[in-house]
Amino acid sequence: MLLDPHHLQRKHRDRRSGEIMAATVDFFESRGKARLKSDDHNRVWYSDFLDHIGRERIFASLLTPSEYGSGDTRWDTYRISEFAEIVGFYGLSYWYPFQVTALGLGPIWMSDNEDAKRKAAAQLEAGEVFGFGLSEQTHGADVYQTDMILTPSEHGWVANGEKYYIGNANVARMVSTFGKIAGSDEYVFFVADSQHDRYELIKNVVNSQNFVANYALRDYPVAESDILHRGPEAFHAALNTVNVCKYNLGWGAVGMCTHAMYEAVTHASNRILYGTVVTDFSHVRRLLTDAYVRLAAMRLVAARACDYMRSASARDRRYLLYSPLTKAKITSEGERVIIALWDVIAAKGVEKDTFFEAVTREIGLLPRLEGTVHINIGLLAKFMPNFLFAPDSALPTIGRRDDAADDTFLFAQGPTGGLGKVRFHDWRAAFESFGHLPNVALLRQQIDVLADMLASATPDAAQQKDIDFAFAVGQLFATVPYAQLILEEAGLSGVDAALVDQIFAVLVRDFNGYAVELSDKPATTQDQARFAMRMIRRPVHDPARYDQVWKEHVQPLNGVYQMRP
């Protein structure tokens, strides 16, 4: 179920993909944990990692559409997701330059500017990284507001303004920068070069290995050849780029939690307290088992969401639900995994020579990047009516998308909006396939009550505008597609029934918590509160199933992976 860098098992249709993953693992393992930790503590800029990326042509291979690259290049979410998991496994600081490079490339590959596309492909081949200049200190990532202004000049335009929270912006030779045309509400996306003398690198706004820049453009010359998008297309490019790249956050969380899981289980399994092996304490087994099944669920959801990302089209826009779901739920679950593991290893979790110590600092960042959890859960609510009540039987059944092909539609998504019109297949089908499992059946009952509440005690307009109330409803709804993807992937991957049912025991418990939270909201009506209480179910506790998951999945992690000292 989990990534083991010493035994990479994901199957690829081409040799080059396997070479990329093996070379990435070898880079980290040859450095060893002591060097990794030293660089982390001393906030060393990871130039050697970026040199490795360039030397091995990793970003060039993974992030260049085949139309603009040569031979082995393509934008293939299946293999990109494995790379995101691997770099996440070794630390968020190494996942981050990949993520912001992908973001920076989005507006370029989505544009009609062929010169910029060819230039980007050449820069990738040269080993360069990219930046995504959207956020500003005053406005955050609010795409409706920007103080970056382009003013006409004799030779094109000049740009003036500042950007904030921009990764790689200290070195990126192409920073996709969002702004407006002076004296209008017309949006624009253009590229800027961090090495230009009119580009002022003000400071790094974070205290880490990453360089997250505050930069300013001071009468920066912008030629027509630097313009990527103007008007509504610039606005759409900003949102569509985030649609693509927020999915990567899920795999970053999976990688980080996997490394921490190995470290925690191995530590606890070889420690004796009060004459007892730590993993023989009942509460420790419960914490480790819960952490494992949450992590397994995270990985199943991310893997299945990939198939929908790759199969997206103008007719099939299901990915617009599954991408923010991956970002919001998987990253939040990652926090819960680390807290459970930390409760097991306690003080060990802050020792400076553990990988765990870095994860405790970094795992909370992922739910808060590319929009907060509240924003993304709120986004999911737009899909709720069609998802729950109006399935479209004409939508195709999607199988495993591991073919070596470009995911071209991700850069041709078209105008944003119309989320309330997106249709989905029937979520009940996945539940029916596993309906014999008691906790799957229980969650289905809970969801049916939620649907009854939404149909007969429908939130009114004021409640829907109340973010606190809407978030409580959104958490309940988000569990439905999350569970659906788990079941679909479990069927494709052949996951054993005991693990699936144990995962759903946790989901039932979580659903209970969300229901109680909804009942407690000031905006919740008495009728809605009664429905919320009707949602509560006691998970089916099966000692044999629990022991099977412990013995076959959790306990065997002891000593399986330890990074080279």
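Residues numbered from 1 in each chain as written. Predicted model: local features only at pLDDT ≥ 70, side-chain atom pairs only at ≥ 80, totals over all residues. Heavy atoms only, no water.

Attention shifts here to the overall build of the protein. Looking only at helices and strands, one finds 21 helices and 10 strands in the protein. Computed over C-alpha atoms, the radius of gyration of the protein comes to 24 Å, within 12% of the 24 Å expected from 2.2 N^0.38 for 565 residues, which places it in the range of a compact globule. Within the span of the protein, comprising 565 residues, buried residues form 60% of the whole. Contacts in the protein between residues at least 24 apart in sequence constitute 80% of all its contacts with a sequence separation of at least 6. Per element, the accessible surface of the protein, about 21,600 Å² overall, is 51% carbon and sulfur. Within the protein, the 70 negative side-chain charges are centred at a point lying 3 Å from the centre of the 59 positive side-chain charges. (Helix = DSSP H or I, 4+ residues; strand = E, 2+ residues; numbered from the N terminus. Rg over C-alpha atoms; globule rule 2.2 N^0.38 Å. Buried < 20%, exposed > 50% of the residue type's maximum accessible area, 1.4 Å probe, protein only. Contact = heavy atoms within 4.5 Å. Areas by Shrake-Rupley, 256 points an atom, 1.4 Å probe, with all protein chains shown as cover. Lys, Arg positive; Asp, Glu negative; His and termini not counted. Charge placed at Lys NZ, Arg CZ, Asp CG, Glu CD.)

Within the span of helix H21 (residues 543-554), buried status applies to Arg545, Tyr546, Val549, Trp550, His553 and Val554. Take H21 and look down its axis: the buried residues cluster within an arc of 135°, on one side only. Among the exposed residues of H21, those pointing more than 90 degrees away from its buried face are Pro543, Ala544 and Lys551. In this structure, the buried residues of H21 make contact with helix H9 (247-269), helix H10 (282-310), helix H16 (438-456) and helix H19 (497-520). The N-cap of H21, judged by a side-chain oxygen 3.0 Å from the amide nitrogen of Ala544 a few residues on, is Asp542. (Arc of directions from axis to C-beta. Polar contact = N/O pair within 3.5 Å; in protein donor to acceptor, adjacent residues only side chain to side chain.)

Counting 177 residues, the largest nonpolar core has Trp75, Phe83, Trp109, Met261, Leu341, Ile503 and Phe504 as its most contacted members. In terms of residue count, the dominant contributor to this core is H10 (17 residues). (Core = buried A, V, L, I, M, F, W, Y, C linked by side-chain atoms within 4.5 Å.)

Another aspect to go through is the state of the cysteines. Tallied over the entire structure, the rule returns 0 disulfides. Considering cysteine sulfurs only, Cys306 is the nearest to Cys245, which forms no disulfide, with 14 Å between them. (Disulfide = S-S within 2.5 Å.)

In this structure's numbering, the residues bearing the UniProt feature "domain: Acyl-CoA dehydrogenase/oxidase C-terminal" (unreviewed entry) are residues 235-383. The span residues 235-383 shows a helical share of 71% and a strand share of 3%, and its end C-alpha atoms are spaced 21 Å apart. (UniProt positions renumbered as here; feature names shortened; annotations may be inferred.)

With that settled, consider the packing of H16 against helix H18 (residues 467-493). Between H16 and H18, the least distance of the axes is 11 Å, while the angle of their chain directions is 140°. In terms of orientation, H16 lies oblique with respect to H18. Viewed along their axes, H16 and H18 form a crossing whose handedness is left-handed. Touching Val440, Leu443, Ile447, Leu450 and Leu454 of H16 are Val473, Leu476, Phe477, Thr479, Val480, Ala483 and Leu487, all from H18. (Axes fitted to C-alpha atoms, helices over the stretch in contact; angles between N-to-C directions. Parallel < 35°, antiparallel > 145°, perpendicular 65-115°, else oblique. Left-handed = near helix turned anticlockwise from the far one by under 90°.)

Right, let's get into the pairing of strand E2 (residues 149-153). Strand direction decides the pairing type here: E2 and strand E3 (residues 156-167), joined by 5 bridges, are antiparallel. The residue bridging Ser153 from the neighbouring strand is Gly156, located in E3. Between E2 and E3, which follow one another and run antiparallel, lie 2 residues. Where E2 meets strand E4 (residues 174-181), 2 bridges bridge the pair, whose relative direction is parallel. Paired with Leu150 across the strands is Ile181, a residue of E4. (Pairing = 2+ DSSP bridges.)

Take the packing of aromatic side chains next. Within this structure, the stated rule accounts for 33 aromatic pairs. Cluster of aromatic residues (ring-pair linked, three or more members): Phe27, Phe28, Trp45, Tyr46, Phe49, Phe89, Tyr90, Tyr94, Tyr262 and Tyr561. In this structure, Arg10 is placed above the aromatic ring of Tyr78, and the distance from its NZ or CZ to the ring centre is 4.6 Å. When the ring centre of Tyr482 is taken as reference, the NZ or CZ atom of Lys329 above it lies at 5.3 Å. (Phe/Tyr/Trp six-rings, centres within 6.5 Å; stacked < 30°, edge-to-face > 60°. Lys NZ or Arg CZ within 6 Å of the ring centre and 35° of its normal.)

With that settled, the discussion passes to the pattern of salt bridges. One side chain can pair with another of opposite charge once the charged atoms of both are near each other. All told, the structure shown has 52 salt bridges when counted by the stated rule. Across the salt bridge formed by Arg444 and Asp448, the nearest N and O atoms sit 3.2 Å from each other. Note that Arg444 and Asp448 are positioned in helix H16 at a spacing of 4 residues, about one turn of the helix. The class for Arg444 is partly exposed, based on a relative accessible area of 22%. Through salt bridges with shared partners, a single ionic network connects Asp14, Arg74, Asp76, Arg79, Arg310, Arg401, Asp403 and Asp407. (Salt bridge = Lys/Arg side-chain N within 4 Å of Asp/Glu carboxyl O.)

The residue Gln562 is located in the segment after H21 in this model. Each C-alpha atom, one on Gln562 and one on His6, is 9.6 Å from the other, the two residues being 556 residues apart in sequence. Not counting residues within four places of it along the chain, the set of residues in contact with Gln562 comprises His6 and Thr266.

Another point: the pairing of strand E1 (residues 130-133). A two-sided burial pattern is seen for E1, the buried positions comprising Phe130 and Phe132 on one face and Gly131 and Gly133 on the other. Pairing of E1 with E4 involves 4 bridges; the strand directions are parallel. Bridging from a neighbouring strand, Phe132 pairs with Ser176 of E4.

In the Ramachandran plot, Asn168 falls in the positive-phi region, its phi being about 65° despite a non-glycine side chain. We classify Asn168 as buried; its relative accessible area is 0%. The backbone of Ala346 sits at a positive phi, close to 50°, despite the residue not being glycine. By secondary structure assignment, the location of Ala346 is in the loop between helix H11 (319-345) and helix H12 (355-362).

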